[in-house]
Amino acid sequence: MLVKTYCAAVNGLDVNTVTCEVSMSRGVQFHLTGLADTAVKESYDRIKAALVNNGLKMPSMDITINLAPADIKKEGSGYDLPLAIGILAANGKVESEHLEQYMLVGELGLDGKLQPIRGALPIAIRARKEKFKGLIVPQQNIREAAVVNNLEVYGMETLMDVVHFFNGTTTYEPTIIDTRREFYEQQNQYELDFSDVRGQESVKRALEVAAAGGHNLIMIGPPGSGKSMLAKRLPSILPPLSLAESLETTQIHSVAGKISRDTSLISQRPFRAPHHTISQVALVGGGNNPQPGEISLAHNGVLFLDEMPELSRAVLEVLRQPLEDRKITISRAKYNVEYPSSFMLIASMNPCPCGYYGDPTHNCVCTPGQIQRYMNKISGPLLDRIDIHCEIQAVPFSELSQMQPGEPSATIRERVIRARKIQEERFKNFKGIHCNAMMTEKMLHQYAEPDTASLDMLRMAMEKLKLSARAYSRILKVARTIADLEGSENVLSQHIAEAIGYRNLDRGDWAERGI
Ligand SMILES: Nc1ncnc2c1ncn2[C@@H]1O[C@H](COP(=O)(O)OP(=O)(O)OP(=O)(O)O)[C@@H](O)[C@H]1O
Ligand SMILES: [Mg+2]
Ligand SMILES: [Zn+2]
């Protein structure tokens, strides 16, 4: 007898429907065809154990299984469930009448429990597109899959639940979650708020400008000055995640297997802070079955690289392409996988190897040469993609307790949203450009050209401060954002002046400046 069940192959964010064809005849062999990887080949043993432990057994016949279409790579262990159900149906133990209406995914434990799989959300999206009536997933993936409307999604605990479901011996209800309502409820509930940060007005201002224009930013300051504290609060002043953005980000987290059991849609902008010992693959993605890296998990949110010069040179260099393209392509011999990676980079570094160069309360023990070498670890091309550099000093502990709480994130966010609206209007005819940070050189001339007097001032300042040539367009971009925050149509000299102040690392004299 020939039986077909349906499941899904996940490659990157692409999902394809896979048909498992199971056929049985007299004999004792097991054949699996159709470009399956080792994990799929190991299915046989898991299925056998799961059947035995549930009072069933593997039919002692020739079983031929074909996974079609044959040219799509099939990886992972999500095929256990559709294969097991296919075998049971071919053997007459499961009613096959309704099998074609459902997509099935799930890994089997040896006891027959269903283990979670990766990519439940993109699989559910595919199932609806292919007009399946329903999707059966392991219980742990149910909230993720239930994001999709107009599809009956069932979360099942064990193989036997699925057997009973198709045989009609037990009735199960599809899970319905009002994910959109939850999404909008949780959207603005950030645990960390800028009001916790006392003082540090100029750094907060720099972060506000960065948020308003989508600019990357680096903070330079001694240990304990609050760099991590400030960075973690950035998502709370960015414009709220839209439903469309959330779907993109949630799918990436789903494919990475990082959606917790009680989450459906990710409702807040992600904040990813990998340690500086992170490998290239973990940062940008990769591996055998290419998984998204931190830059893609940070999609539509913030990637925080603490102690940036401590990252290896090679790791820093691979960041350049995704910073530019806002996506990453991972190439394999026979196929490519692409993940979006549009994130705001927030980096931090000490001003010197010992950490205390320029700190009024500690002595720096580094030589100018050591300091320069440390600064040089961040290469020109990478620095070129960071529009805002700001220095930060620690607020003395004695003063902290007497200071008033800072401005709340919600108030800052309102200003950011207003500035973003102006940018949306400005770039409405440019596909893929949403904020000032994305402007091309040509657009800079059109939208951020200062008047002659401001230009003269900019030239003079560049000479006097020994700013490098690359600083020029960065300054104009940031000045455009500062003007937008003020609601000013033109870029004026005060906007340029503030933007010049954000180019500390472009100055040729960092190590002799004696800040
Ligand atoms: N301006 C401030 N307002 C309130 N608390 C602060 C402030 N600055 C520092 N702190 C306190 O000091 C702690 C240390 O700050 P944080 O870890 O952010 O510093 P850091 O610059 O990241 O240091 P490191 O270089 O060691 O990582 C914070 O968790 C916070 O409790
Ligand atoms: Mg820190
Ligand atoms: Zn030092």
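Position numbers for residues start from 1 in each chain and track the written sequence from start to end. Here every chain gets a letter starting at A, and every ligand a number starting at 1, in the order they are written. Local features in this predicted model are restricted to residues whose pLDDT is 70 or higher, and side-chain atom pairs enter the listing and the counts only when it is 80 or higher, whereas totals over whole chains, interfaces and linings include all residues. Side-chain numbers here rest on the full set of heavy atoms in the structure, without hydrogens or water.

Student: Lay out the site of ligand 1 with the relevant residues and their values.
Tutor: Around ligand 1, the surrounding shell holds 14 residues, and the nearest of these are R198, G224, K227, S228 and M229. We call two N or O atoms a polar contact when they sit within 3.5 Å, provided that within protein one can donate a hydrogen and the other can accept it, with sequence-adjacent residues counted only if both atoms are side-chain atoms. Interatomic distance of 2.7 Å between a backbone N/O atom of G224 and an oxygen atom of ligand 1. Contacts to ligand 1 include M229, whose backbone N or O atom sits 2.8 Å from an oxygen atom. The fraction of the free accessible surface of ligand 1 (640 Å²) that becomes covered by protein chains is 66%. Secondary structure elements are defined from DSSP: runs of H or I of at least 4 residues count as helices, runs of E of at least 2 residues count as strands, and each element is numbered from the N terminus. If you tally residues by element for the shell around ligand 1, the top one is helix 9 (residues 227–232), at three residues. By the convention adopted, Pro, Cys, Tyr, Trp, Phe, Met, Ile, Leu, Val and Ala count as nonpolar, Lys, Arg, Asp and Glu as charged, and the other residues, Gly among them, as polar. Partitioned by chemical class, the residues of the shell around ligand 1 number six nonpolar, five polar and three charged. When we say a residue is near a molecule or strand, we mean one of its heavy atoms is within 4 Å of it. Here the open area of atoms and residues is found with the Shrake-Rupley method and a 1.4 Å probe, where only the protein chains shown may cover a residue.

Student: I'd like a description of the coordination of the zinc ion (ligand 3), backed by residues and values.
Tutor: Think of the donor list as every N, O and S atom within 2.8 Å of the metal, or within 3.2 Å for Na, K and Ca; water never makes the list, so a site can look incomplete. Surrounding the zinc ion (ligand 3) are the protein donor atoms C352 (SG), C354 (SG), C364 (SG) and C366 (SG), which sit 2.2 to 2.4 Å from the metal. Expressed as a motif, the donor residue spacing for the zinc ion (ligand 3) is C-x1-C-x9-C-x1-C. When accessible area is computed with a 1.4 Å probe and restricted to protein chains, residues below 20% of their type maximum are described as buried, those above 50% as exposed, and intermediate ones as partly exposed. On the accessibility criterion, C364 (27% relative accessible area) is partly exposed. Classification of C366 by relative accessible area gives buried; the value is 15%.

Student: Give me the nonpolar core: which residues, what numbers.
Tutor: Here, nonpolar core refers to any group of buried Ala, Val, Leu, Ile, Met, Phe, Trp, Tyr and Cys residues whose side-chain atoms link them within 4.5 Å. Of all hydrophobic cores here, the largest spans 65 residues; its most connected members are I85, L135, I136, L159 and F166. For this core, the element with the most residues is helix 3 (residues 80–90), which contributes eight residues. The contact definition used throughout considers only heavy atoms, calling two residues in contact when any of these lie within 4.5 Å. Excluding residues within four positions of it along the chain, F166 makes contact with I85, V94, E95, H98, L99, Y102, L104 and I136. Membership of the second largest hydrophobic core comes to 52 residues, among which are A206, M219, V416 and A448.

Student: Lay out the sheet that holds strand 14 (residues 302–305) in plain terms, naming residues and giving numbers.
Tutor: In spatial order, the strands read 11-14-17-10-18; together these five strands make up an open sheet with parallel pairing. At either end of the open sheet lies a strand with only one pairing partner, and these are strand 11 (271–272) and strand 18 (388–391). A pair of strands is considered paired only if DSSP assigns at least 2 bridges between the two. In this structure, strand 14 lies alongside strand 17 (residues 344–349), joined through four bridges in parallel fashion. Bridge pairing in strand 17 places L305 opposite A347. Helix-sheet contacts for helix 8 (residues 201–213) involve strand 10 (217–220), strand 17 and strand 18, and the interaxial angle to strand 18 is about 170°. Here an axis means a line fitted to C-alpha atoms, over the contact stretch when the element is a helix, while the angle between two N-to-C directions is reported on a 0 to 180 degree scale.

Student: Lay out the pattern of salt bridges with the relevant residues and their values.
Tutor: Take a side-chain nitrogen of Lys or Arg and a carboxyl oxygen of Asp or Glu: if they are within 4 Å of each other, that pair is a salt bridge. Going through the model one piece at a time under the given rule, you end up with 21 salt bridges. A salt bridge links E130 to R126; its shortest N-O distance comes to 2.7 Å. The partner of D384 in a salt bridge is R474, and the shortest N-O contact between them spans 3.6 Å. Remark: R474 occurs in helix 21 (residues 471–486) and D384 occurs in the loop between helix 16 (380–383) and strand 18; sequence separation between them is 90 residues. Given the relative accessible area of 25%, D384 is considered partly exposed. The exposure class of R474 is buried, given its relative accessible area of 12%. In the salt-bridge network here, residues are joined through shared partners; they are E208, E407 and R415.

Student: If you had to explain unusual backbone geometry to someone new, which residues and values would you point to?
Tutor: Each neighbour pair has its own omega, and for A68 with P69 the value is 0°, a cis peptide bond. Tracing the chain through its elements places P69 in the loop between strand 4 (62–68) and helix 3. Of note in the backbone geometry, R326 takes a positive phi value of approximately 60° without being a glycine. Positionally, R326 belongs in the loop between helix 14 (320–325) and strand 15 (327–331). Residue K466 is not a glycine yet carries a positive backbone phi of 55°. Relative to the helices and strands, K466 resides in the loop between helix 20 (452–464) and helix 21.

Student: How would you summarise the packing of helix 18 (residues 409–426) against helix 21 if you had to cite specific residues and measurements?
Tutor: At a closest axis distance of 8 Å, the pairing of helix 18 and helix 21 adopts a crossing angle of 115°. The pairing of helix 18 with helix 21 is recorded here as roughly perpendicular in orientation. Between helix 18 and helix 21 the crossing geometry is right-handed. Each of R415, A419, I422, Q423 and R426 in helix 18 lies in contact with helix 21, whose residues at this interface are R480, D484 and L485. In these notes the angle categories are as follows: under 35 degrees is roughly parallel, over 145 is roughly antiparallel, 65 to 115 is roughly perpendicular, and the rest is oblique. Helix crossings fall into two classes, left-handed where the near helix is turned counterclockwise from the far one by less than a right angle and right-handed where it is turned clockwise.

Student: An account of the side chain of R233 is requested, with residue identities and associated values reported.
Tutor: In this structure, R233 sits in the loop between helix 9 and helix 10 (243–255). What makes R233 buried here is its relative accessible area of 7%. Among the polar contacts listed, one links the side chain of R233 to the backbone oxygen of D193, at a separation of 2.9 Å. At a separation of 3.0 Å, a polar atom in the side chain of R233 contacts the side chain of D196. Not counting the four nearest positions on each side in its chain, R233 is found in contact with L192, D193, F194, D196 and V197.

Student: Lay out the packing of aromatic side chains in plain terms, naming residues and giving numbers.
Tutor: We call Phe, Tyr and Trp rings a pair once their centres come within 6.5 Å, taking the six-membered ring for Trp, and we label the pair stacked below 30 degrees between planes, edge-to-face above 60, and tilted otherwise. Summed over the entire model, instances satisfying the criterion amount to 12 aromatic pairs. By the criterion adopted, a ring carries a charge over it if an Arg CZ or a Lys NZ lies within 6 Å of its centre and within 35 degrees of its normal. Above the ring of F427, the side-chain terminus of R426 is found at 5.7 Å from the ring centroid.

Student: Outline the packing of helix 2 (residues 43–52) against helix 3, supporting the account with residue identities and numerical values.
Tutor: Here helix 2 crosses helix 3 at 60°, and the two axes come no closer than 10 Å. Between helix 2 and helix 3, the interaxial angle falls into the category oblique. Helix 3 is crossed by helix 2, and the crossing has right-handed handedness. Packed against helix 2, whose contacting residues are S43, R46, I47 and L51, the element helix 3 presents D80, L83, A84, I87 and L88 at the interface. The residue makeup of the contact of helix 2 with helix 3, split by class, is six nonpolar, one polar and two charged.

Student: Can you tell me about helix 3, naming the residues and giving the values?
Tutor: The element helix 3 is largely enclosed, with a buried count of 11 among its 11 residues. Buried residues of helix 3: D80, L81, P82, L83, A84, I85, G86, I87, L88, A89 and A90, and no others. G92, located one to two residues past helix 3, shows a positive phi value of around 80°.

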